[in-house]
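Single-letter residue listing:
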Amino acid sequence: MSVTQEQVRHIANLARIEMSEEETERLLPELNKILGWVEQLGEVDTDGVEPLTAVIDQQLRFRDDEVTDGDIRDKVLENAPDAQHGFFAVPKVIE
Amino acid sequence: MSLTDKTIAELRDGFRAGDFSAREIAEEFNAAVDAADALNAYLVKTPELALEAAEAADKARGSDSLKPLSGIPLGMKDLFATEGVLTSAGSKMLGNFLPPYESTVSANLKAAGAGMLGKLNMDEFAMGSSNETCAHGPVISPWRREGSNAAITPGGSSGGSASAVSARIAPGATGTDTGGSIRQPAAFTGICGIKPTYGRCSRWGIVSFASSLDQAGPMARTVRDCAIMLEAMCGFDPKDSTSLDVEVPQWEAGLSSDLKGKKVGIPREYRIDGTPGEINALWDQGVEWLRDAGAEPVEISLPHSKYALPTYYIIAPAEASSNLARYDGVRYGLREVVEGGGLHDMYKATRAEGFGDEVKRRIMIGTYVLSAGFYDAYFTKAQKVRALIKQDFRKAFEQCDMILTPTAPSAAFALGEKSDDPIAMYLNDVFAVPASLAGLPAMSVPGGVNGDGLPLGLHLIGNELDEQTVLNAGLAIEERAPSIELPKKWW
């Protein structure tokens, strides 16, 4: 499988990265080379193999259902590019 | 002998014996750090934090309340969130991010008495094998080829840590390893580095790259120093859902280079065409050193080894694309606002501006392999092959106690030599990645130098939670390998 210029633009949009025509053109052969290379996995017989999700066997733990946000709102907001009235501020979402 | 030439164990013991004060140690290292700007290893210097910890250590010595790392200043990879100290992950994206909290691993080191010399440069978001993807310029290795002044890479992504330890501007440093990022730079700079079993070190407060693979570990000059640091770094942490709730062994006390009764596995699939003769010769030498220490070499098979790298380059970018979705210009770091644009335009402009080429490439690959219609063909397939790779190791460890391989397929290369071809760069980690995919402890120890006078490393892989055997075999190699002459100071 190889990707097209159109798909590269689509992926860039899904990944929310602005890309110029020049950039998607440069990326196209690079992505196809990497994708062509990883496709060798198709040679491996994986019928009946369970996908590995946890590399070391362990039970997921439960924790108490308590708020653990640190109660440091203002400290957290200090890093925000724009904070107003104790919230993160963003450009207008609704027209 | 200057204090900066001493190992962590020597500094600790000398400080405890009263040969020198913690303040003297910190001052000497602070001065050495300041004199080494040419290496570009430190992104942020924190001499005041090193001195503060030294003062506490000197006081503790008077009152007999010393901690394991009292008096030892360390370098911190810039991937660890450090409270109030700039943390950039080698990227423009995080801007002037000042974490309001401390990562568990760096907090553990602090609680053990260690001071911090500063934050160490690295490949952007730990994605790279040469430090050339760093937004703040690459780290330079203190090593040079004989008869050449060409700038050599310290490897990556923990290149700043490797360069700093080998240049004696930190006695030890933290690293992180997703697919070889501790071990390859350790090999390239003639030092030791160990990645413990996945889950030993908490990932909390480490800027995430690929969460099912990311593990922290120490980088230092000797095996003993790695054991000392690792003991302080590990431990159960309820804030990381994959943290292992197991006891931390006393690895330093358990060190023994007597390998009688142990079997060392030599995987036949790691004999890869095109590996330079000097790498294979060192590997053979390593087998002899372990035999001399009492171990019995056995040939083993890890049949899916050749698929490890392509598996990694699906899983790691997939997890990265998901993890790095958080950089949206809203909560921290960079924000690029488009005149007259909305929220989506801001996301896209911010991410275009903040991420470098390699990070974008991996986010794009990851987004693609996770996208509708391709998820099963790429991502699920890779997870299945990962299961087979894990199974290979499981079977191998029924026949042996440790596995020996080279750490990297070459010595360090010059900056710019491989940066044009992503796959050539990825191949650097061909020997390191399988152990990462299997979550196993693995270590690089220096084995000697190549024809150009550059260091080469040997790579030991252990069974789950058996860091001790890895460290012991590392010690056996360290005792037998020719001692590597320090790089001559040119910086």
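Nothing here was measured: the structure is a model prediction, and the numbers come from that model.

A closer look at the overall build of chain B
When you go through chain B residue by residue, the secondary structure sums to 15 helices and 11 strands. The C-alpha radius of gyration computed for chain B amounts to 21 Å, which stays within 12% of the reference 23 Å derived for 491 residues, consistent with globular compactness. Across its three principal axes, chain B shows a C-alpha extent of roughly 65 × 55 × 50 Å. A buried classification covers 66% of the 491 residues belonging to chain B. Restricting the contact set of chain B to residue pairs at least 6 apart, pairs at least 24 apart contribute 77%. In the form shown here, chain B has an accessible surface area of approximately 15900 Å², with 48% of it arising from carbon and sulfur atoms.

As for the interface of chain A and chain B
Taken together, the contact between chain A and chain B spans 54 residues of the former and 72 residues of the latter. Counting across the chain A and chain B interface gives 6 salt bridges. With its nearest N and O atoms 3.6 Å apart, the salt bridge here joins Lys306(B) to Glu43(A). In this assembly, chain A and chain B are joined by 20 residue pairs in polar contact (both at pLDDT 80 or more).

Quick notes on a nonpolar patch on the surface
On the surface, a cluster of nonpolar side chains totalling about 290 Å² of accessible area is made up of Val90(A), Val93(A) and Ile94(A). On the secondary structure map, Ile94(A) appears in the segment after strand S2 (87-88).

Some words on the UniProt feature "active site" (unreviewed entry) in chain B
Residues and elements named next belong to chain B. Following the UniProt record, one finds the feature "active site" (unreviewed entry) at Lys 77, Ser 157 and Ser 181. For the residues just named, distributed over 105 residues, the greatest C-alpha separation is only 11.3 Å, placing them together at one site. Following the sequence through the fold, Lys 77 ends up in strand S2 (residues 73-77). Taking the relative accessible area as the measure of exposure, Lys 77 reaches 0% and is therefore buried. Not counting residues within four places of it along the chain, the set of residues in contact with Lys 77 comprises Lys 119, Leu 120, Met 122, Ala 126, Ser 157, Ser 158, Ser 161, Thr 174, Gly 175, Thr 176 and Ser 181. Among the polar contacts listed, one links the side chain of Lys 77 to the side chain of Ser 158, at a separation of 2.9 Å.

Quick notes on the packing of aromatic side chains
Where two aromatic rings form a pair, the distance of their centres and the angle of their planes describe that pair. All names here are of chain B. Counted by the stated rule, this structure contains 16 aromatic pairs over all chains. When the centroid spacing of 4.9 Å and the interplanar angle of 50° are considered together, the rings of Tyr 101 and Trp 204 count as tilted. Of the two residues, Tyr 101 sits in the loop between S2 and helix H4 (104-111) while Trp 204 sits in the loop between strand S5 (192-195) and strand S6 (215-220), which places them 103 residues apart along the sequence. Their ring planes at 85° and their centres at 5.8 Å tell us that Phe 188 and Phe 413 sit as a pair that is edge-to-face. Pair noted here: Phe 188 is in helix H6 (residues 183-188) and Phe 413 is in the loop between strand S9 (402-406) and helix H13 (422-426), with a separation of 225 residues, a long-range link. An aromatic cluster of at least three residues, connected via ring pairs, comprises Phe 97, Phe 125, Tyr 327, Tyr 332 and Phe 355.

Here we look at the pattern of salt bridges
For the coordinates displayed, the defined rule picks out 34 salt bridges over all chains. The shortest N-O distance in the salt bridge between Asp357(B) and Arg26(A) comes to 4.0 Å. Placement of the pair is Asp357(B) in helix H11 (residues 357-370) and Arg26(A) in helix H2 (residues 21-38), with the two residues belonging to separate chains. Taking relative accessible area as the criterion, Asp357(B) reaches 44% and is therefore assigned partly exposed. The residue Asp177(B) makes a salt bridge to Arg183(B) at a minimum N-O spacing of 2.8 Å. Classification of Asp177(B) by relative accessible area gives buried; the value is 0%.

A word on the side chain of Lys195(B)
Residue and element names in this part refer to chain B. With respect to the helices, strands and loops of the structure, Lys 195 is situated in strand S5. Buried Lys 195, no salt bridge; nearest opposite-charge side chain is Asp 177, N-O distance 6.0 Å. One polar contact links the side chain of Lys 195 to the main-chain carbonyl oxygen of Leu 440, over a distance of 2.9 Å. Here Lys 195 is in contact with Asp 177, Ile 182, Arg 183, Gln 215, Ala 435, Ser 436, Gly 439, Leu 440, Pro 441 and Ala 442, once residues within four sequence places are set aside.

Observations concerning the nonpolar core
Counting residues in hydrophobic clusters, the biggest one holds 181 residues, and the most contacted among them are Phe125(B), Ile169(B), Leu290(B), Phe393(B) and Leu404(B). If we ignore the near neighbours within four places in the chain, the residues touching Phe393(B) are Tyr270(B), Leu302(B), Ile403(B), Pro434(B), Ala435(B), Ala438(B), Leu440(B) and Ile461(B).

Here is what the cut-offs are and how they apply
- Residues numbered from 1 in each chain as written.
- Chains lettered and ligands numbered in written order.
- Predicted model: local features only at pLDDT ≥ 70, side-chain atom pairs only at ≥ 80, totals over all residues.
- Heavy atoms only, no water.
- Helix = DSSP H or I, 4+ residues; strand = E, 2+ residues; numbered from the N terminus.
- Rg over C-alpha atoms; globule rule 2.2 N^0.38 Å.
- Buried < 20%, exposed > 50% of the residue type's maximum accessible area, 1.4 Å probe, protein only.
- Contact = heavy atoms within 4.5 Å.
- Areas by Shrake-Rupley, 256 points an atom, 1.4 Å probe, with all protein chains shown as cover.
- Salt bridge = Lys/Arg side-chain N within 4 Å of Asp/Glu carboxyl O.
- Polar contact = N/O pair within 3.5 Å; in protein donor to acceptor, adjacent residues only side chain to side chain.
- Patch = residues over 30% accessible without salt bridge, like charges linked within 9 Å, V, L, I, M, F, W, Y side chains within 5 Å.
- UniProt positions renumbered as here; feature names shortened; annotations may be inferred.
- Phe/Tyr/Trp six-rings, centres within 6.5 Å; stacked < 30°, edge-to-face > 60°.
- Lys, Arg positive; Asp, Glu negative; His and termini not counted.
- Core = buried A, V, L, I, M, F, W, Y, C linked by side-chain atoms within 4.5 Å.

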